[in-house]
Amino acid sequence: MVATNRKAFHDYFVEDRAEAGLVLTGTEVKSLREGRAQLKDSFILFRGGEAFLIGAHISPYAAGSWTNHTPERDRKLLLHRRELDRWSSAVATRGVSCVPLSLYFKGSKVKAEIALVKGKKLHDKRDAIRDRDLKREADRAMKDR
C-alpha cells in the first residue's frame, strides 16, 4: 500500500469499487516505491472516453534530474471499455462522484482502487463518529473483562 485516501471514507458513502491501472513515468514509479504520494484532494474525471486522475500529488524523485515529473499532473487511468462506459454514465446521471481510495503495487504495476461515492451530510458524519466511539468503548470493555 503506497497511499490511502482516508478523507474519502470520512466525507463519502462508498457505493462501488474497482481496480484501475495508471500510466506513469519512470521517476513517478520510483517516487511511489519510496511511499511519497498523497491522494487527499484528488478525484477522477471522465473526458473524451477516457478516465484521468486529477489532483494526486506524487513528489518528485530525489535522485531524478531533468527527467523528473510534474508533481500534480493529470494521470490516465486504464480501465476496460465496458467499465469505463458504465462508470462515466453513472457519474453523469446518478449524482455520484468518482474518487481514488488507494494506490498500491501489484507485482511491478501500480494500481489505483477507485470508487463511486455519494456525499455525506453533516449529521451522517456525526453518526459515523458516534458509532465509531461506541464501538471503541465496547471493545475496551470486552478487553477488560
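Just above sits the structure.
A quick note: this is a predicted structure, and the numbers were derived from the prediction, not measured. (Residues numbered from 1 in each chain as written. Predicted model: local features only at pLDDT ≥ 70, side-chain atom pairs only at ≥ 80, totals over all residues. Heavy atoms only, no water.)

### A few points about the nonpolar core
Rules: In this text, buried Ala, Val, Leu, Ile, Met, Phe, Trp, Tyr and Cys residues form a nonpolar core when linked through side-chain atoms within 4.5 Å. Here's how the labels work: a residue is buried when its accessible area is under 20% of the maximum for its type, exposed when over 50%, partly exposed in between, all with a 1.4 Å probe on protein chains only. A run of H or I in DSSP counts as a helix once it spans at least four residues, and a run of E counts as a strand once it spans at least two, with each numbered from the N terminus.
Counting residues in hydrophobic clusters, the biggest one holds 25 residues, and the most contacted among them are Leu22, Leu32, Ala37, Ile44, Leu77, Leu103 and Ile114. Elements supplying a minimum of two residues to this core: β2 (12–22), β5 (50–54), α3 (81–93), β8 (97–106) and β9 (109–119). When residues in this core are grouped by element, the largest group, 4 residues, is from β9. Of all hydrophobic cores here, the second largest spans 5 residues; its members include Ala8, Val99, Leu101 and Ala115.

### Quick look at the pattern of salt bridges
Cut-off, in case you're wondering: A pair is scored as a salt bridge if a Lys or Arg side-chain nitrogen falls within 4 Å of a carboxyl oxygen belonging to Asp or Glu.
Under the criterion given, the structure shown has 15 salt bridges. With a shortest N-O distance of 3.2 Å, Arg86 and Asp16 are connected by a salt bridge. Here Asp16 lies in strand β2 and Arg86 lies in helix α3, a separation of 70 residues in the sequence. Since its relative accessible area comes to 45%, Arg86 is described here as partly exposed. The partner of Arg130 in a salt bridge is Asp127, with the nearest N and O atoms 2.4 Å apart. Here the residue Arg130 and the residue Asp127 both occupy positions in helix α4 (residues 122–144), the gap between them amounting to 3 residues, near one helical turn.

### Things to note about helix α2 (residues 26–33)
An α-helical turn contains 3.6 residues, so any two residues separated by three or four positions project in the same direction. For clarity, the cut-off: Note that the arc is defined by the directions from the helix axis to the C-beta atoms. A contact between two residues is defined here by any heavy atoms of the two lying within 4.5 Å.
Three or more residues of α2 are buried, namely Thr27, Glu28, Ser31 and Leu32. Buried residues of α2, seen end-on, are gathered within an arc of 140° and therefore sit on one face of the element. Those residues of α2 hidden inside the fold are in contact with β3 (37–38), β6 (57–58), β7 (75–78), β8 and β9. Residue Gly35 follows α2 closely and has a positive phi angle near 80°.

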